[in-house]
Amino acid sequence: MDVDTDTVDPLALIAHYRSHLQLGQGEIRARYLAGGDAPRLLQERCRLIDKVLCDLWRALDLPASLALLAVGGYGRGELYPASDVDLLFLLPAAPDDVLTAQLERAVTLFYDIGLEMAPSVRTVDECSHAAAGDLTIQTALLEARLLIGSETLFREFSTALEEILDPHAFFEAKRSEQDERHQRYYDTPYSLEPNCKEGPGGLRDLQMILWIASAAGYGNTWDDLARYGFLTQEEEEQLKGCLGFLQQLRTRLHIHVGRREDRLLFDYQTALAEQLGYKATPTRRASEYLMQRYYRTAKEITQINTILLLNIGTALSPLPDRPPRAINDRFQNTHDLLDVVDEEVFHREPAVILDAFLLMERHPELQGMTARTLRALWHARTLIDDNFRRDAGNRQRFLEILQQPRGVLHELRRMNQFGILGRYLPNFGKIVGQMQHDLFHVYTVDQHILQVLRNLRRFLADEFTHEYPLCSELIGDFHRPWVLYIAAIFHDIAKGRGGDHSQLGAVDAAEFCTNHGLDADDSELVVWLVQQHLLMSTVAQKQDISDPDVVGAFAATVKNERHLTALYLFTVADVRGTSPKVWNSWKGQLLEQLFRSTCRNLLAGGDVPVRQGLIEERRQEALRLLRYFALADAVHERLWKQLDTVYFLRHSAEEIAWHTRALHYRTNVEQPVVKARLNPQGEGLEVMIYARDQPDLFARLVGFFSRAGYTIVDAKIHTTRHGYALDSFMLLDLGERDSDRAMISYIEHELTDRLGQQYPLEPPGSGRISRQVRHFPIQPLVTIEADEKGSHYVLSVSAADRPGLLYTIAMTLAAHGANLHTAKISTLGERVEDTFLISGGDLGMTASRIRLETELLERLKL
């Protein structure tokens, strides 16, 4: 439609083209939703906007010497449903007042018809100057496409851009830009909510290759790169498949959200999965299948990106002509990179696939692999079949990769990156890219496994001994630490199959050990570790590890010191490998305490210490500590005669001494006593409350600590013989404010006042439930079981974490008349697993326990 703006009402013109755009884009969207052809949508949207802009340009009667250019993604011919329209008004010279007014009118008109636009107005000289100083502008202009206007001016612009483009400098700058961009996303495509455009393995990694190729004169399509020999036919087909999936995903994402959004947030994952045809199964959500496809696609893109950057970089800046140094008949050192002597090496001798990784470990001078070696490995991965896996030599090579003193983690990561590890261990291949929506793992299963292995290797490195001194000391004396790496590979390998993944993984581990010729002791240890890898964490965080019976039962399961050391090292590595949020010093303190207590038990021959002997030992140690403060020998007597056996079993000698110092002269005070101190064994605060027992005391304390910004990780609740509550809490700062020392006086003063004045019960501070919990909720679980003696009950609660959760539990217990004795509070990312020792009320009646369970389940639902 050609329109004369001097004769047509501007409002009518705007209304016409706004309607035309809306109808056109609606039709394009409908065709896409009917057929699912994302590339067609991207092209049709460009053509629609091309036509509208050219019509309006003619109608505006702008000077023929000007040109209108599409740049950026629009210039590339790809306009996603919510992408901006990047435009460049190209001028032969600086505009006068008349032309400035015309350009302002054009820009306003383009906005008014509903274009989401990013316009710029420049002369050719200004373009050259801006591009020379700004890599982003240079890149956008590289994809410029003439829409309408002066072809002569566009050729002048193209020539000027070519003159300032230095292919080598552009390559280095874009590679550095990619490194920085990847760092913003923690150098991993495996985040829970990845950015499908900017993240590692996203669309930007593919676009960058074409920008570099275009700047270097190698063309601007994948077919061009294939003609220049940078891509094989198989790689080109693989790459186009990856591109097609990401185009489909981003298109669906824009349409589903209704605006520009490139993050695959939890809010959208389930809906996108269903729209793209993924179906849930009894063991996995539809979104997990979608995200596994995404992660595998991103991994393939990073593979091709790595190979292409190496190849194009070598073509642009050839290395000095230095002859390679032979390593053996099949490999050579080319500029400190491992290089195959020819690209058919792996096809002639598939066994040397594993040799490549062994050589990387054994030759510290090698800084990586050449592009042709990586490409040859990638193409040879399909040669790893059942015959390859059954070969005794290959099995020995794989073990040797695990047994090397250096490079184990790097080479296993490289093997995973290029598909070798998943081919050699097919069950590992099944969990590559598999997400775990359990609210505390933040890595895919394969990446978590490699994180655990990384943590184990880190214990061996001298430069990291300060992080976990005990772990470094123990692993240094641990014979054949590589058996721990095997356990790491198999401990979660059965995730997603249904059933107990520990037991299923142990079956896989046993088969591996048999096939690879491990001796009986090492095989037994690996299988046992896989079966029991959750045991130590469970005992430390859910049971009373000050109870000698608990330690004795754990020691009976562990059996010997080698098993104990292996399980301790593995547990620390495993918990640290789930998420940065899951590990804290308190968990480390609990695990170390359980380790040392079990060591003493095993050294004593596995006999459970006589309780009275243990209590006397703690009393004597507490008295020894009290003498440091020049207190009278009988200072403890008034307080201790009010304390029973349970108190001395549940508290350490150091805690007993602290309580005694604070309370020895005020055992019958009317006013509450509150004392706080820095945790003597790590981060956080330890708070002691001594007051006449009162209703809802635990709920009051929980609410106060929550409002003060603290989470409770451990609670020891005790009532003295004369009716006083003597409660101890271990607190961690939720906000990581680094203000524990300053909070001590606040807690002591405010909590004393609130308990003394008996203010009405206040709920905890409000807060928001995380999006992950909202979109991937977990069903709360509540169980109440009698302890071994039948005098108390163990209440176990597993639920999604949220503000006020512990307060809700405390109020429910109080309503049922239950007395709380100990609380183990374990937060695993967005999930809590809390254990309480309770008694009293009518818990002895089965019907009453069922009522309490039912009420807790109802209150814990989101």
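This text goes with the structure placed above it.
Please read these numbers as outputs of a predicted model, since none were measured by experiment. (Residues numbered from 1 in each chain as written. Predicted model: local features only at pLDDT ≥ 70, side-chain atom pairs only at ≥ 80, totals over all residues. Heavy atoms only, no water.)

S.K.: Quick question: what am I supposed to make of the sheet that holds strand β6 (residues 331-334) here?
M.R.: Taken together, the four strands give an open sheet; going across it, the order is β5-β6-β7-β8, and neighbouring strands pair in mixed fashion. Edge positions in the open sheet fall to β5 (325-326) and β8 (368-369), since each of these has one partner strand only. The pairing of β6 with strand β7 (residues 337-340) spans four bridges and is classified as antiparallel. The residue of β7 that forms the bridge with Thr-334 is Leu-337. (Pairing = 2+ DSSP bridges. Helix = DSSP H or I, 4+ residues; strand = E, 2+ residues; numbered from the N terminus.)

S.K.: Could you clarify how one ought to interpret the pattern of salt bridges in this entry?
M.R.: Pairing of side chains with opposite charge becomes possible as their charged atoms draw close. Applying the stated criterion across every chain, the model contains 50 salt bridges. Across the pair Asp-262 and Arg-250 runs a salt bridge, and its minimum N-O distance is 2.7 Å. Taken together, the residues Asp-262 in the loop between α11 (233-257) and α12 (266-275) and Arg-250 in helix α11 connect sequence positions 12 residues apart. Several salt bridges share partner residues, and in doing so they unite Asp-84, Arg-250, Arg-260 and Asp-262 into one network. (Salt bridge = Lys/Arg side-chain N within 4 Å of Asp/Glu carboxyl O.)

S.K.: Help me out: how do you make sense of the sheet that holds strand β1 (residues 67-70) in this one?
M.R.: The pairing of strands in a sheet happens through backbone hydrogen bonds and is either parallel or antiparallel. Taken in spatial order, the four strands make up an open sheet running β3-β2-β1-β4, and their pairing is mixed. Looking at strand neighbours, the two that pair on one side only are β3 (117-123) and β4 (145-149), the edges of this open sheet. Between one strand axis and the next, the sheet turns through 25° on average, direction left out of account. Here helix α2 (residues 38-60) sits on the sheet in contact with β1, β2 (85-91) and β4, set at roughly 30° to β4. (Axes fitted to C-alpha atoms, helices over the stretch in contact; angles between N-to-C directions. Contact = heavy atoms within 4.5 Å.)

S.K.: Looking at this structure, how should I read the side chain of Asp-224?
M.R.: Here Asp-224 lies in helix α10 (residues 222-227). Within the structure, the side chain of Asp-224 is placed 3.0 Å from the backbone nitrogen of Asn-220, a separation counted as a polar contact. Setting aside its immediate chain neighbours within four residues, Asp-224 contacts Tyr-218 and Gly-219. (Polar contact = N/O pair within 3.5 Å; in protein donor to acceptor, adjacent residues only side chain to side chain.)

S.K.: Teacher, can you tell me more about the packing of helix α23 (residues 469-476) against helix α29 (residues 561-576) here?
M.R.: For any two helices packed against each other, one specifies the crossing angle of their axes together with the interaxial distance. Look at α23 against α29: their axes get within 10 Å of each other, and the N-to-C directions meet at 135°. The angle between α23 and α29 places the two elements in the oblique class. The crossing of α23 and α29 is left-handed. Seen from α23, the contacting residues are Leu-470, Cys-471, Leu-474 and Ile-475; seen from α29, they are Thr-565, Tyr-568, Leu-569 and Val-572. (Parallel < 35°, antiparallel > 145°, perpendicular 65-115°, else oblique. Left-handed = near helix turned anticlockwise from the far one by under 90°.)

S.K.: Where do I start with the packing of aromatic side chains in this structure?
M.R.: Think of a pair of aromatic rings as described by two things: how far the centres are apart, and how the planes are tilted against each other in angle. In total, this model carries 22 aromatic pairs according to the counting rule given. On the numbers, 5.8 Å between centres and 70° between planes, the contact of Tyr-294 with Tyr-295 is edge-to-face. Each member of the pair, Tyr-294 together with Tyr-295, is buried. Between Phe-398 and Tyr-424, the aromatic rings sit 4.6 Å apart at their centres with planes inclined by 25°, giving stacked as the arrangement. Placement of Phe-398 in helix α18 (residues 392-403) and of Tyr-424 in helix α20 (residues 420-424) is noted, with a sequence separation of 26 residues between them. Residue class for Tyr-424 comes out buried when judged on its relative accessible area of 3%. An aromatic cluster of at least three residues, connected via ring pairs, comprises Phe-388, Phe-398, Tyr-424, Phe-490 and Phe-512. Over the ring of Phe-629 we find Arg-661; its NZ or CZ atom is 3.9 Å from the centre of that ring. (Phe/Tyr/Trp six-rings, centres within 6.5 Å; stacked < 30°, edge-to-face > 60°. Buried < 20%, exposed > 50% of the residue type's maximum accessible area, 1.4 Å probe, protein only. Lys NZ or Arg CZ within 6 Å of the ring centre and 35° of its normal.)

S.K.: Would you take a moment to explain the environment of Ser-537 for this structure?
M.R.: Position of Ser-537 among the secondary structure elements: in helix α27 (residues 535-542). Sequence spacing of Ser-537 and Arg-184 is 353 residues, and the spatial spacing of their C-alpha atoms is 32 Å. If sequence neighbours within four positions are ignored, Ser-537 has contacts with Thr-571, Val-575 and Leu-591.

S.K.: Help me understand the packing of α2 against helix α4 (residues 97-112), please; the structure alone is not making it clear to me.
M.R.: Where α2 contacts α4, the two axes come as close as 11 Å, and the packing angle between them is 145°. Taken as a pair, α2 and α4 cross one another with a handedness that is right-handed. Packed against α2, whose contacting residues are Leu-53, Leu-56 and Leu-60, the element α4 presents Gln-102, Arg-105, Ala-106, Leu-109 and Phe-110 at the interface. Class assignment of the residues belonging to the contact of α2 with α4 gives a composition of six nonpolar, one polar and one charged. (Nonpolar A, V, L, I, M, F, W, Y, C, P; charged D, E, K, R; others polar.)

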